[in-house]
Amino acid sequence: MLKQEDYGQHISGQFNTELESLRNQLLAMGGQVELQLTTALEALMKLDSGVAESIVRNDREINQMEMTIDDECATIIARRQPTASDLRLVITIIKVNRDLERIGDEAAKVAKQAVQLSEGGMSPSSFVEIRHIGALVGVLLRQSLDAFARLDVTKAIEVVKGDAEVDKQYGSAMRSLVTFMVEDPRNVGAILNEMWALRSLERIGDHACNIAEHVVYLVKGLDVRHGLLSELGEDVLDY
Amino acid sequence: MTWVAATSRALLLITVVACVGALYGYPQEAVILALLGICGFSYHQMRRVQLWLQTPEQMPPDAYGLWGQILSRMYFLQRNSLEAQAQLQTTVDSLQDSFAAMRDGVVMVDTNGCIKWLNRSLEPLLGLRCPEDTGQPLTNLVRAPEFSRYFLAMDYSAPLEYLASVGDKPLYLRIEVTPFGEGERLLFVRDVSNAVLMEKMRREFVANVSHELRTPLTVISGYLGTLLSDTNAFPERYLKAVTQMGQQAERMESLLKDLLWLSRIESEHYNTAHDAIDVQGLFHELRDDLAESHPNSVLVLEISTDETICGNYRQLYSAVSNLAINAIKYSPEGNPVTLSWTLQGDDLCMQVRDRGLGIDSSHIPRLTERFYRVDDSRNSATGGTGLGLAIVKHVAAANDGQLKIESKLGEGSTFTLIFPARG
């Protein structure tokens, strides 16, 4: 099992610094992505179309970060040929990197829906569902990144459970939105925008869940994707 | 002294043994025997010291002569250092306890940006866990880009205030960083949500009140205008009263207008429309406007640079016009007022200069406060609202500039808006 102190155990000090800096960069990117999500959600709540510019700028920054991190991972693999937990760390960083970039894209999509909704007027649902699911997803994303920073498997399991909850809420939100559409066809446009935003939020939840699963892989060396983690539950701690 | 005693005792022993040996005819062997004895005794004592040093908490063994002295001295030194250590530990503990008991969050960060020590109050503020998070790089756990930028820039002259979302509801946090030692930093984190909300409420309250008061006032001054337009039909004895009511209503309207304008500048602080401003055009527009409202004024324009600045045109216009009108009001009639636009080093200066009454230096620090007046009697004569300079100051702040006031009583005043030149 991997522990926090295990980093910094290499004979080559340079290698330590490289791995540590990679981790820091990934988490800095995580911070940027978290900001992107908060901004997008706020824009949606306030129907504010003025955020578009900052969202686009932020998205560009996130993409740039993704490319830098990928490049550095490749350099480390080529030059250091990492093994065991170092290899797992590099692999995890590559995967989490990709998930984070996707989350950034999904958040940008939420903002796009916000801009469209701000032109079309308020949706009849008054965004109760989005507010709720958005808050849940924001917490999931933060927890998954915290779990990665702290190498905390218990937290990672919580994230996976939280994502199951988000999926459930997403289902019922969809049903209630369909009811709105049936009631008054004039709402269909706005409701469709809202559904797209919800869909993006749900995807963000899935990506956060992926990050949590990567954390389990990093710490335990155990591949728990595709539902295995929810099956194992707390038992994973014993591996 | 013991050293001398111990040596003489050993010598005495050797001499006595040598004498006895000489009696029996073996003097050399006897001396060797004595020396071996002394050596053996020393080794025995050394072994006892070594055994004791393995468990130095216990009392040292009894020893004879010099060895006894050495042992008791060692024991004494060791007890002293233990006591000093305990004392130091208590001090450190009580210091950490007092930090731990603080309601503000406290983090100590080492040269590499890793957490060295933190208190429990950080859990609800930054989501840090005490003490598990010790050793983690701080920016890995507090990932808000605004915080990372501030923390990594190493410039802690001003505290950082930012909106953090850790728990269910967003918090406004104020972060103060004190560098100490070699690259170590001490962070104080405080929740200032209440203060920020209060400030917001105050701003909104002023804006709302001004807005609500305007509607009834418009009705009142409208009717007063109607009454005054036909003075012939009006009884003579009420005429003066109604005329004054009309004047005061007008004054109140301009007050409310200024208040609303001020609160708008304040709330626009973060999203000012930034377009390049043609200062020359602004001065010309101002001169044309003032020629109408103050026909006796003399306005001199000095434009020595064609640099432009980024900012909000409406706001800057109102600031300069406030300054110019003040200058005209407080100068003897016909005295020229100079508007200048110059580049001084790295600064662009927009200056309004008059040779009027001037202001005593004791008033200058408070001049930009709302409703502050140098002299109460000035109030009625000039009919200002008392908000002009407050507006100027806020406009300067909203457009990345500063307001500088220089004045000498009797010689006139100079108000300068300083903006950084665009590199």
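Cut-off values and rules
Residues numbered from 1 in each chain as written. Chains lettered and ligands numbered in written order. Predicted model: local features only at pLDDT ≥ 70, side-chain atom pairs only at ≥ 80, totals over all residues. Helix = DSSP H or I, 4+ residues; strand = E, 2+ residues; numbered from the N terminus. Buried ≥ 20, exposed ≤ 12 C-beta atoms within 10 Å, placed from the backbone. Contact = placed C-beta atoms within 7 Å. Axes fitted to C-alpha atoms, helices over the stretch in contact; angles between N-to-C directions. Parallel < 35°, antiparallel > 145°, perpendicular 65-115°, else oblique. Left-handed = near helix turned anticlockwise from the far one by under 90°. Nonpolar A, V, L, I, M, F, W, Y, C, P; charged D, E, K, R; others polar. Pairing = 2+ DSSP bridges. Expected span 1.5 Å × (residues − 1). pLDDT = per-residue confidence, 0-100.

Undergrad: Tell me what's going on with the overall build of chain A, and back it up with residues and numbers.
TA: Helices and strands together make up the secondary structure of chain A, namely 7 helices and 0 strands. In sequence order, the secondary structure elements of chain A are arranged as α-α-α-α-α-α-α. Within chain A, the proportion of its 239 residues that are buried is 41%. Within chain A, counting contacts between residues at least 6 apart in sequence, those at least 24 apart form 78% of the total.

Undergrad: So what about the environment of glutamine 36 of chain A? Which residues, and what values?
TA: Residue and element names in this part refer to chain A. Looking at the secondary structure, you find glutamine 36 in helix 1 (residues 13–46). Taking C-alpha positions, glutamine 36 is 9.6 Å from glutamate 106, a pair spaced 70 residues apart along the chain. Those residues in contact with glutamine 36 that lie beyond four places of it in its chain are Ile55, Asn58, Asp59, Ile62, Gly104, Ala107 and Ala108.

Undergrad: Describe the packing of helix 1 of chain A against helix 3 (residues 84–120) of chain A, naming the residues involved and giving the relevant values.
TA: All names here are of chain A. At a closest axis distance of 9 Å, the pairing of helix 1 and helix 3 adopts a crossing angle of 15°. Here helix 3 runs roughly parallel to helix 1, going by the angle between their axes. In the crossing of helix 1 with helix 3, the sense of the turn from one axis to the other is left-handed. Class assignment of the residues belonging to the contact of helix 1 with helix 3 gives a composition of 20 nonpolar, 5 polar and 1 charged.

Undergrad: Summarise the sheet that holds strand 2 (residues 115–118) of chain B; cite the residues concerned and give the values.
TA: Residue and element names in this part refer to chain B. Strand order in the open sheet made by the 5 strands is 2-1-5-4-3, with antiparallel pairing throughout. The sheet terminates laterally at strand 2 and strand 3 (160–164), the two strands that pair on one side only. Between one strand and the next, the sheet's axes are offset by a mean angle of 25°, whatever the strand orientation. For strand 1 (residues 105–109) and strand 2, the ladder comprises 3 bridges, and the chain directions are antiparallel. Residue pairing in the sheet places valine 109 in a bridge with isoleucine 115 of strand 2.

Undergrad: Could you give an account of the packing of helix 9 (residues 279–293) of chain B against helix 10 (residues 313–329) of chain B, naming the residues involved and the relevant values?
TA: Residue and element names in this part refer to chain B. Taken N-terminus to C-terminus, the directions of helix 9 and helix 10 make an angle of 50°; their axes are 11 Å apart at the nearest point. On the basis of their axis angle, the class for helix 9 and helix 10 is oblique. The two elements helix 9 and helix 10 meet at a crossing, and its hand is right-handed. Contacts between helix 9 and helix 10 involve Leu282, Leu286 and Leu290 from the former and Leu316, Tyr317, Val320, Ser321 and Ala324 from the latter. Counted by class, the contact of helix 9 with helix 10 contains 7 nonpolar, 1 polar and no charged residues.

Undergrad: Quick one: what's the story with the interface of chain B and chain A, residue by residue and with numbers?
TA: With 11 residues of chain B in contact, the opposing surface of chain A contributes 15 residues. At the level of elements, helix 5 (138–141) and helix 6 (145–153) of chain B are the ones that each hand at least two residues to the side of chain B that touches chain A. Ranked by residue count, the leading element in the side of chain B that touches chain A is helix 5 of chain B, at 3 residues. Classifying every residue of the side of chain B that touches chain A gives 4 nonpolar, 6 polar and 1 charged.

Undergrad: Describe the sheet that holds strand 7 (residues 298–303) of chain B, listing the residues and the values that go with them.
TA: All names here are of chain B. The sheet built from 5 strands is open, its strands ordered 7-9-10-12-11 with mixed pairing. Looking along the sheet, the strands with just one partner apiece sit at the ends: strand 7 and strand 11 (402–408). Strand-to-strand twist in this sheet, taken as the mean axis angle between neighbours without regard to direction, amounts to 15°. Bridge analysis of strand 7 against strand 9 (residues 336–344) gives 6 bridges, and the strand direction is parallel. In the sheet register, leucine 299 faces strand 9, and the bridge partner there is valine 337.

Undergrad: Please set out unusual backbone geometry residue by residue, giving values where relevant.
TA: Residue and element names in this part refer to chain A. One non-glycine residue, glutamine 81, lies in positive phi territory at about 40°. Here glutamine 81 lies in the loop between helix 2 (52–80) and helix 3. A tally of 9 C-beta atoms within 10 Å means that glutamine 81 is categorised as exposed.

Undergrad: Summarise helix 10 of chain B; cite the residues concerned and give the values.
TA: Residues and elements named next belong to chain B. Between its first and last C-alpha atoms helix 10 spans 24 Å; for 17 residues at 1.5 Å apiece the expected length is 24 Å, and the two agree. Of all the 17 residues making up helix 10, 12 are buried; the element is thus mostly covered by neighbouring parts of the structure. Turning to helix 10, its buried residues are Gln315, Leu316, Ala319, Val320, Ser321, Asn322, Leu323, Ala324, Ile325, Asn326, Ala327 and Ile328.

Undergrad: Pulling in residues and values, what's your account of the confidence of the model for chain B?
TA: Counting all residues, the mean pLDDT for chain B is 84, and 95% of those residues have values of 70 or more. For this predicted complex, the interface confidence score (ipTM) comes to 0.82, while the overall pTM stands at 0.67.

Undergrad: How would you explain the environment of methionine 65 of chain A if you had to name every residue and give the values?
TA: Tracing the backbone through its elements, the reader meets methionine 65 of chain A in helix 2. In this structure, the C-alpha to C-alpha distance between methionine 65 of chain A and methionine 29 of chain A, residues 36 residues apart in sequence, is 6.5 Å.

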